[in-house]
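# Residue-level structural notes
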Amino acid sequence: MPKYILAIDHGTSGAKTAIVSVYGKVIDFEFEETPLYLLDGGGAEQDPDEWMKAVISTSKKLVDKQIVKVEDIVGVAVSSQWSGTVAVDKDGNHLHNAIIWMDTRGAPYVKKIVGGMFSGFKLRAILTWLGKTGGAPGLSGKDPIAHILWLKNEKPDIYKKTYKFLECRDYLNLKLTGKFATSSETITLSW
């Protein structure tokens, strides 16, 4: 009996969900667009509820087609846009729209903690970052650390209520499993 994976690819433009054989053959897929909210001052946000609605909708459409038996779907895989930040409470509810990779509002706050003459970094700061993490945040404000610093400085009420800051994929996995988890891949840009 063939086995399949429900593969969820969550991008900036929307959710694409596919049924893929365990050998990598795409059987069918569905796509649903999700809105992007561009705000003054370099803001770029999305509503995590709209992500989940699109993931559920595309998944349901595929299952309803009855292309494969539901019991033959043996796993779910999630990929997502990177360098996004979702502030959640202890129950996993998002407290603010997701701040996504296009958002630059945190740039002044990153520059404040690392700024200097050496490619935009203080020499001591770059050596500390490199020694501890093997890299350093970009000065554009697009890294999650910049998103977190922006929330801390501009939305302190949200920052104080936050239990975890999750990458987009980690948020989707939380909603699908009920478990808080990350990987070295998704957490890297949080520095």
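Residues numbered from 1 in each chain as written. Predicted model: local features only at pLDDT ≥ 70, side-chain atom pairs only at ≥ 80, totals over all residues. Heavy atoms only, no water.

## Considerations on the sheet that holds strand β8 (residues 98–99)
One open sheet accounts for three strands, arranged β4-β5-β8; its pairing is antiparallel. Edge strands, defined here as strands with exactly one partner in the open sheet, are β4 (37–39) and β8. Note that strand β5 (residues 43–46) and β8 share two bridges and pair antiparallel. Bridging from a neighbouring strand, glutamine 46 pairs with alanine 98 of β8. (Pairing = 2+ DSSP bridges. Helix = DSSP H or I, 4+ residues; strand = E, 2+ residues; numbered from the N terminus.)

## Considerations on the pattern of salt bridges
Scanning all chains against the criterion turns up six salt bridges. Put simply, glutamate 30 and lysine 65 hold a salt bridge, and the shortest N to O gap is 2.7 Å. With a gap of 35 residues between them, glutamate 30 in strand β3 (residues 26–33) and lysine 65 in the loop between α1 (48–64) and β6 (73–80) connect regions that are remote in the sequence. Judged by its relative accessible area of 17%, glutamate 30 is buried. A salt bridge links aspartate 64 to lysine 60; the nearest nitrogen and oxygen atoms lie 2.9 Å apart. Of this pair, aspartate 64 and lysine 60 both sit in helix α1, four residues apart, which is roughly one turn of that helix. Taken together, the salt bridges that share partners define one network made up of Asp28, Glu30 and Lys65. (Salt bridge = Lys/Arg side-chain N within 4 Å of Asp/Glu carboxyl O. Buried < 20%, exposed > 50% of the residue type's maximum accessible area, 1.4 Å probe, protein only.)

## Description of unusual backbone geometry
Positive phi, close to 55°, is recorded for glutamine 66, a residue that is not glycine. Within the secondary structure, glutamine 66 is located in the loop between α1 and β6. One non-glycine residue with positive phi stands out, namely serine 83, at about 65°. Checked against the element boundaries, serine 83 lands in the loop between β6 and β7 (86–88). The class of serine 83 is buried, set by a relative accessible area of 7%.

## Looking at helix α6 (residues 168–177)
Listed as buried for α6 are Cys168, Arg169, Asp170, Tyr171, Leu172 and Leu174. The first or second residue beyond α6 is glycine 178, which carries a positive phi of 80°.

## Concerning the sheet that holds β6
The strand order β3-β2-β1-β6 describes an open sheet built from four strands, whose pairing is mixed. Looking along the sheet, the strands with just one partner apiece sit at the ends: β3 and β6. Each neighbouring strand pair of the sheet contributes to a mean axis angle of 15°, computed without reference to strand direction. Of the strand pairs in this sheet, strand β1 (residues 4–10) and strand β2 (residues 14–21) are connected by seven bridges, and their pairing is antiparallel. Considered in β2, the bridge of alanine 7 is made with alanine 18. Contacts between α6 and the sheet are confined to β1 and β6, with β6 contributing the most and set at about 150° to the helix. (Axes fitted to C-alpha atoms, helices over the stretch in contact; angles between N-to-C directions. Contact = heavy atoms within 4.5 Å.)

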